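Chain by chain, the residues:
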Amino acid sequence: MARILITEDEDSLRSFVARALRLDGHETYEAADGAEGLERLSESSFDLLLSDIRMPVMDGIELAHRAASSFPDMKILLMTGYAEQRERADDLAAKIVDVVSKPFALPDIREAVARALAS
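Here, residues in each chain are numbered from 1, in the same order as that chain's written sequence. For a predicted model such as this one, the threshold for reporting local features is a pLDDT of at least 70, and the threshold for listing and counting side-chain atom pairs is 80 or more; totals across whole chains, interfaces and linings nevertheless cover every residue. With hydrogens and water stripped out, all remaining heavy atoms of the structure feed into the side-chain values.

Per an unreviewed UniProt entry, the protein chain goes by Response regulator and derives from Ciceribacter sichuanensis.

(A) Just the overall build of the protein chain, in detail. Each helix corresponds to a stretch of at least 4 residues labelled H or I by DSSP, and each strand to a stretch of at least 2 residues labelled E; elements are numbered beginning at the N terminus. Helix and strand content of the protein chain: five helices and five strands. Counting only C-alpha atoms, the protein chain reaches 30 × 30 × 25 Å along its principal axes. We call a residue buried when its accessible area falls under 20% of the maximum for its residue type, exposed when it is over 50%, and partly exposed in between, using a 1.4 Å probe and counting protein chains only. Among the 119 residues that make up the protein chain, the fraction classed as buried is 45%. In this analysis, two residues are considered to be in contact whenever any of their non-hydrogen atoms come within 4.5 Å of each other. Put simply, 61% of the contacts in the protein chain that link residues at least 6 apart link residues at least 24 apart. Per-residue accessibility takes into account occlusion by the displayed protein chains alone, with areas from the Shrake-Rupley method and a 1.4 Å probe. As displayed, the protein chain has an accessible area near 5,900 Å², and 48% of this comes from carbon and sulfur atoms.

(B) Region of interest: the packing of aromatic side chains. Within 6.5 Å between ring centres, the rings of Phe, Tyr and Trp (the latter by its six-membered ring) count as paired, and their orientation is classed by plane angle as stacked under 30 degrees, edge-to-face over 60, tilted in between. This structure, assessed with the given rule, holds one aromatic pair. A ring pair is formed by Y29 and F46, whose centres lie 5.3 Å apart and whose planes are at 75°; its orientation type is edge-to-face. Of the two residues, Y29 is situated in strand β2 (residues 27–31) and F46 in the loop between α2 (34–43) and β3 (48–52); the sequence distance between them amounts to 17 residues. The exposure class of F46 is buried, given its relative accessible area of 10%.

(C) Main features of the packing of α2 against helix α3 (residues 60–70). Interhelical geometry of α2 versus α3 gives an angle of 15° and a closest axis separation of 9 Å. Comparing the axis directions of α2 and α3 gives the class roughly parallel. In this structure, the crossing between α2 and α3 has a hand that is right-handed. For the pair formed by α2 and α3, the contact residues are G34, G37, L38 and L41 on the first element and L63, R66 and A67 on the second. For this scheme, ten residues count as nonpolar: Ala, Val, Leu, Ile, Met, Phe, Trp, Tyr, Cys and Pro. Four count as charged, namely Asp, Glu, Lys and Arg, and the remainder, Gly too, count as polar. Tallied by class, the residues present in the contact of α2 with α3 amount to four nonpolar, two polar and one charged. In this description, a line fitted to the C-alpha atoms serves as the axis of each element, helices being fitted only across the stretch in contact, and the angle between N-to-C directions of two axes falls anywhere from 0 to 180 degrees. Each angle is binned into one of four classes, with values under 35 degrees roughly parallel, values over 145 roughly antiparallel, values of 65 to 115 roughly perpendicular, and all other values oblique. Definitions for this section: a left-handed crossing has its near helix turned counterclockwise from the far helix by less than a right angle. A right-handed crossing has that turn clockwise.

(D) Representation of the nonpolar core in the model. In these notes, a set of buried Ala, Val, Leu, Ile, Met, Phe, Trp, Tyr and Cys residues joined through side-chain atoms within 4.5 Å is what counts as a nonpolar core. In this structure, L41, L49, M74, I76, L78 and I96 are the most contacted members of the largest nonpolar core, which totals 18 residues. Every element with two or more residues in this core is listed here: α3 and β4 (75–80). Counting residues per element, this core draws most heavily on α3, at five residues. Leave out the neighbours within four places in its chain, and L49 touches L5, T7, L41, L63, A67, M74, K75, I76 and L77.

Structure (C-alpha cells):
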C-alpha cells in the first residue's frame, strides 16, 4: 500500500483521516502545518501528500508548489472547506490530482485517495 503524509491543522480531522486510510492498509504520517509537512517530506519518501489548503505557517498551496518541485513523482491531493481556496489551487492543476471539498464523508476521502494513487 501507499505511504501518505497528511498535513492538516485541525487535529481531530487529521487523526480521523489517518485512521481511515490505515484501515485501507496505507502507512500514514501526520503534520500540523505546511512547514512541518515540508520538513516531513524531506525526511522520508511518500507516495501521496494529502494537504489542507488553509493552514498557519505555510498554507497548502505553497506546500504543494514546493513539494511538486522537489518530489515530482509524488501525487498531491488537496482539501479545503473554502470555495475561494479551491480557486487558488487552479494554478496547480498540472501538479495536483484533485481538490476535495470539506466537509467530506469517510468513503469520499478514501475514494479520492484511491483515485489519486491510481492516476
